[in-house]
Each structure stands twice: as C-alpha cells, then as structure tokens.
Amino acid sequence: MKQPTTKIVASVITIVICLFAMSCKHSNEHKYHTVKDKIEAESVTDIELSVSSDKFNETIKTVPINEDGVEFLIPERKSQISSYNCTECHTKPIEQLKQAQVGTKAAHWNIKLQHAGAEVMNCATCHTSNNMDNLHSLTNSEIDFNYSYKLCSQCHQQEFKDWRGGAHGKQLGGWAPPRLSNTCVNCHNPHKPAFEKRWPVRFNTQKEIERR
Amino acid sequence: MSEDNKKWYSLNLGRSKKTESCGCGKTSESCESEKPKDGYDQIMDVPMSRRSAFKKITAGLAIGAGAVSTACSVVSGDESKEKSAIEWEEYFKGNYKLMTNEEKDKTVDRLTRSYELRTGKNLNMSSKDAEEDVLFGYAFNISKCQGYMDCVNACVEENNQDRSSEMQYIRIHEMEDGKGFNFEESDDNYYHEVPAEGHFYMGTQCFHCDNPPCVEVCPVEATWMEKDGIVVIDYDWCVGCRYCMAACPYDGRRFNWKTPEVPEEEVNKNQHYLGNRLRKKGVMEKCTFCVQRTREGKNPACVEACPTGSRTFGNLLDPDSNIRWILDNKKVFRLKEDLGTEPKFWYYMD
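First, a word on scope: everything that follows refers to the structure included in this document. Quick caveat: nothing in here was measured; it's all calculated off a predicted structure.

### Some points on the overall build of chain A
- Within chain A one finds 9 helices and 6 strands.
- Here the C-alpha atoms of chain A give a radius of gyration of 31 Å, more than 25% beyond the 17 Å that 2.2 N^0.38 yields for 212 residues.
- The 212 residues of chain A split such that 29% are buried.
- Counted over contacts in chain A with a minimum sequence separation of 6, partners at least 24 positions apart contribute 51%.

### Here's the deal with the pattern of salt bridges
Residue and element names in this part refer to chain B.
- The tally for this structure, following the rule as stated, stands at 42 salt bridges over all chains.
- Among the ionic pairs, Arg 113 bridges to Glu 116, the shortest N-O distance being 3.4 Å. Placement of both Arg 113 and Glu 116 in helix α6 (residues 101-119) is noted, with a separation of 3 residues, approximately one turn of the helix.
- Between Asp 251 and Arg 254 there is a salt bridge, and its shortest N-O distance comes to 3.6 Å.

### Points about the interface of chain B and chain A
- In this assembly, 69 residues from chain B lie in contact with 52 residues from chain A.
- For the pairing of chain B and chain A, the buried interface totals around 5,000 Å² over both sides, and the portion due to carbon and sulfur atoms is 50%.
- Sorting the residues of chain B by area buried against chain A places Tyr 148, Asn 189 and Tyr 191 of chain B first, and these three jointly supply 14% of that buried surface.
- At the junction of chain B and chain A, the tally comes to 5 salt bridges.
- The partner of Asp 162 of chain A in a salt bridge is Lys 330 of chain B, with the nearest N and O atoms 2.8 Å apart.
- Inspection of the region where chain B meets chain A yields 31 residue pairs in polar contact (both at pLDDT 80 or more).
- Within the residue set of the side of chain B that touches chain A, elements represented by two or more residues are β2 (136-141), α7 (150-158), α11 (301-305), β10 (311-315), α12 (322-329) and β12 (345-348) of chain B.

### Quick word on the environment of Val 194 of chain B
- One can find Val 194 of chain B in the loop between β3 (171-176) and β4 (199-204).
- A residue is classified by how much of its surface remains accessible, and Val 194 of chain B, at 0% relative accessible area, is buried.
- When the C-alpha atoms of Val 194 of chain B and Glu 174 of chain B are compared, they prove to be 9.6 Å apart, with 20 residues separating the residues in sequence.
- Apart from the residues lying within four places of it in its own chain, the contact partners of Val 194 of chain B are Glu 196, Lys 197, Arg 198, Trp 199 and Pro 200 of chain A together with Gln 146, Gly 147, Tyr 148, Glu 174 and Tyr 201 of chain B.

### A closer look at the sheet that holds β10 of chain B
Residue and element names in this part refer to chain B.
- Strand order in the open sheet formed by 4 strands is β10-β2-β12-β11, and the pairing between neighbours is mixed. In this open sheet, the two strands that pair with only one neighbour each are β10 and β11 (332-333).
- Strand direction decides the pairing type here: β2 and β10, joined by 5 bridges, are antiparallel. What sits directly across from Tyr 138, in β10, is Phe 313.
- Relative to β10, α12 is tilted by about 105°, and along the sheet it contacts β2, β10, β11 and β12.

### Notes on unusual backbone geometry
- Here the residue pair Tyr 84 of chain A and Asn 85 of chain A is connected by a cis peptide bond, since its omega of 0° sits within 30 degrees of zero.
- Inspection of the secondary structure puts Asn 85 of chain A in the loop between β2 (70-75) and α4 (94-101).
- A cis amide bond, omega -5°, links Val 194 of chain B with the succeeding residue Pro 195 of chain B.
- For Pro 195 of chain B, the location among the structural elements is in the loop between β3 and β4.
- Not every positive phi belongs to a glycine, and Asp 68 of chain A is a case in point at roughly 55°.
- Relative to the elements of secondary structure, Asp 68 of chain A occurs in the loop between β1 (62-67) and β2.
- The exposure class assigned to Asp 68 of chain A is exposed, which follows from its relative accessible area of 68%.
- Although it is not a glycine, Phe 289 of chain B sits at a positive phi angle of roughly 50°.

### Points about the environment of Asn 270 of chain B
Residue and element names in this part refer to chain B.
- Note that Asn 270 resides in strand β8 (residues 270-272).
- As a C-alpha pair, Asn 270 and Pro 300 span 30 residues in sequence and 13 Å in three-dimensional space.
- The residues contacting Asn 270, other than those within four sequence positions of it, are Asn 124, Asn 276 and Gln 292.

### Quick notes on the nonpolar core
Residue and element names in this part refer to chain B.
- The biggest cluster of nonpolar side chains holds 54 residues, and the ones touching the most others in it are Ile 172 and Tyr 347.
- For this core, the elements supplying multiple residues, two or more each, are α6, β2, α7, β3, β4, α11 and β12.
- Setting aside its immediate chain neighbours within four residues, Tyr 347 contacts Phe 140, Ile 142, Met 202, Gly 203, Thr 204, Phe 207, Lys 331, Val 332, Phe 333 and Leu 335.

### Overview of the pairing of β3 of chain B
All names here are of chain B.
- The buried count for β3 comes to 5 of 6 residues, which makes it a mostly enclosed element.
- Relative to β4, β3 is paired through 6 bridges, and the arrangement is antiparallel. Note on β4: the bridge partner recorded for His 173 is Met 202.

What counts, and at which threshold
- Residues numbered from 1 in each chain as written.
- Chains lettered and ligands numbered in written order.
- Predicted model: local features only at pLDDT ≥ 70, side-chain atom pairs only at ≥ 80, totals over all residues.
- Heavy atoms only, no water.
- Helix = DSSP H or I, 4+ residues; strand = E, 2+ residues; numbered from the N terminus.
- Rg over C-alpha atoms; globule rule 2.2 N^0.38 Å.
- Buried < 20%, exposed > 50% of the residue type's maximum accessible area, 1.4 Å probe, protein only.
- Contact = heavy atoms within 4.5 Å.
- Salt bridge = Lys/Arg side-chain N within 4 Å of Asp/Glu carboxyl O.
- Buried area = accessible area lost by both parts, 1.4 Å probe.
- Polar contact = N/O pair within 3.5 Å; in protein donor to acceptor, adjacent residues only side chain to side chain.
- Pairing = 2+ DSSP bridges.
- Axes fitted to C-alpha atoms, helices over the stretch in contact; angles between N-to-C directions.
- Core = buried A, V, L, I, M, F, W, Y, C linked by side-chain atoms within 4.5 Å.

Structure (structure tokens):
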C-alpha cells in the first residue's frame, strides 16, 4: 500500500518542479512572440513622461492646430516672411500697381511659378489681389498665411492625410510630446515645390580605395 | 577612460607607444600571450578591454601596485595621483548592467574627470536610465529619401565617430528601380548628383531588434537591450571578439580597428555612458538611436538632419505618436522579417 502512494507523491512533485522550471524560463526574456504583440500589450494611453519637447520647441515660434482631432504644433509663418504685411506695398489692386510700375523692374521678378501647369494654377489661385495679407481657397474663403497647409491640402489630399498622421513631413524638436511638425512651406517652396537635385554631402574616399 | 593608456606608460613597463599594434594580428611581436584566462583574470582584465593590455595581463597587479605607489608617492603631483586613482578604480569596475545607480554616477564622474585632466575641457556625461512606458521605434520612407547623406554627416558628428577610418553607422544604399532590395548590386558610396535617374535610396543602420541575435552571442554580456528597446554596448566590458558583428544579419555593427580619433574641437561633449562617449581601439560600436539625445526627449541626429522628412522616430507604446500612425496606416515592412529578429525599424512608401 505504501509504495504506490510514495510513487504518486514523487511523480506529482516532479511534475510540479518541471512546470515551475518551464514557467520560469518563459517568464521574462521572450514574453512576446513578436514586437507587434509587445506594442499591443504594453501600449498606454496618456503616458506620463519625465521628458517633454517643450524646451526644444521653445526656439521656434509656433501655432497650434487641430485637424480632425489630431492636435499638434507647426511653425508660425507670418513673422518669417520678410516683407509681411504685404499690404505695406500692396496698397492698391494689382492692376493699378502694374500700371504704375511699367518700365521699371517689377517686384517679385525672381518668382517664377513652377507648380502644376498654367492651366491649373497662376498667382491668383492662392493670392488674393484685393487682400494680399491673406490667401484664399478655391471657393474664395480666406486662409491665413500661418495655416497655408489648408490651401495645399485642397489638391494634395493624400499628402495632407499622411502629414497629419505623421508619415509625411519632418518632425522638429523631439519625439516626446508635444509634437511639432514642419508645415508644407517649411520644406517645399510653394512656387517651386519639387526637391532639387544636388550632390551628396559625403563621399568616403578611404572606402573607395579599399574597395578597388 | 584614458585612450592614451597613461597608466601603463607612466609606469614604464617597457612598452612603447602603440602606433599600429596588431588588431590581433600578425605584426611580428607579442600576440602570443593571449592564452585562455581563468576566472580571476576574466574579471580582472575585461574592464580594461584593450587588447594591448591583454598582452601583458600578468602586469595587471604591477599596474595596480604602481598606481597605488603613484597615488601615495610624495614626489608625483596631485594631478598624476588623481589620475592613477581614477585609473585604478576604472580598472576594477564591473559590468554597467550590474552597477547600482551610485556606481554608475561614480564611473561617469571618473570618466568626465579623467577627460578634464587630459584635455582641460569639461564633458557632460549622463547615465540616464530608460523611461517607463517607452519603446523606441523608427520608420524610414523610401519614397522620400533623396540620397543627400546629410544624416550620415550628422551621425558622425553627434556620435564622435573616428574620422580617419570613415566609421559610419548609417549607410545609404542607392538601388536600381525594378531590381528589388538588392544589396549586392546597390552602391553605398556613390558620388554624383542625387537623386539619380532610375534609382531609389534606402538607409540602413542598427535596427535595434527586439530579439537581437548580437546580444545572444556576446560571450561576456557586454551588449544588451535596454528597457526602452535600445540595444547598447558597454565599451569598457567589450572584449572585441566581434561575434556580434558576425551574428548581425543587417551589417549594423562596427569595429574599431584603430584608436578612434576625433579632433578636440569637434568632440560632442554631450555624452551618454552607453552612447557617444569616446571609444577605444578593439571594441564594437554602433547606432544607439542617439541615446544621449533620445533619453532627453529629443530626436536622433539623423532625424534632425534629414531635409526630406524620410525619417521618423518615436515611442511605439504611445498610440498617438507619429510612428504608431505609420505602423497602423501605411504599408510597412522590415528587412529579413523571416529571421524572427523583430527589428524596430520599419520601411514604408508613400
């Protein structure tokens, strides 16, 4: 009678020990099968961090925006435009100014619109001839220079959505909230939005020699 | 830690300046004494982690004795006494992973002080730990990268990489359209106007895998993944075996074949123990997601430098972060996903 009982007890103990050993092995190091599982399991809403991007953003004048519930900062624009307010010169409608300027070199002579084609865009697509201090949308509603992305997003919807989400455009400051992203015109010249070709800033001469 | 190995020179142990001594190599003399080490020696010599020091490991105690005698000597100056004391303590310090916060502070103090003694300049070195609820991740837009390489330069400057050997953590591969991700045929050292017709650009660096094979193979546990997901190296514990370099399927790790040199005026003084502090000959190094910046909330230098916005960095555990939006809304992929290394570095296209 006694022997079977001890056997059972012994086997139970071994099983328990085995289970313990196994569970210990799996507990820490490889808790998740993929990093996606880890992200899903450990994500936290309203994370409280000891760091923030406030001090990095301080160097730039910013304006807050809220696009479809996504809130972030973009650089303020108007103070960066060298001859703003535009109405300091644009006191009269464009046509009258043009007439007054006949024979002299026109202001903004250096701006040549290379954005879409002439059948799609001209100066007046964005600029308002009787109110140069603001821009206007396709349906003639006023758009502040600080929020010029609203103008761009009329045509560039996909880019706008990516930018709002964070997949398009450059992050400034830090990764920690609050978020500060470049607005369209910080990277793209609205009159000539394509990036230009240029030489790379680095060439490894040593590497070139070694690989020969 | 002193790169010029003042400790041993000042004691005049019969070794001249190591100009181009073997990287364990075959230059005529003295690699022969690299015999297997016993337990005591393993602890004793690893923190030095200079191959040259291994050669005469038996001199270890003499060095210690020498340091003590310098420290107690009445003839040597205060500075050299302090130097010896620092070197003595640095010599016997442990693996960073096992250090208490107090010990971390102490070694940071010693390293900054020894730099001050050496150059007269002050460093700002940190040993800041990982933040709670943070897991760093990175996304790279291959439709946007134009191959300008501004990131490479920024990285070299930020991370005090050796200038003469052109040590770089980032590689920008110029790939031909229609050939897929063919690293064999791509060029990472192009010099012509970019973007070149019919090509796209893809940057690689350490991907900070969540299941890092490099960590697995390290025989001395000198490399590990921090809680915020950054794979780091303790440069003072690394023995330079380069197992990790062989284990990495992404060519993410670099080895210091020579003593790294950075002109004094170009040294980035804002440092982290696990990040961009000055390295030595014979140790591994690699991208640390700029731990000295990112633990303060800043973006890595490459993100800051990129003029095209191809690079996004952020907290994977924050559902409102840019990086999470990319993962959730764009079609993302990683390199060699089938290996199960789980890189935290995603590529995507517009």
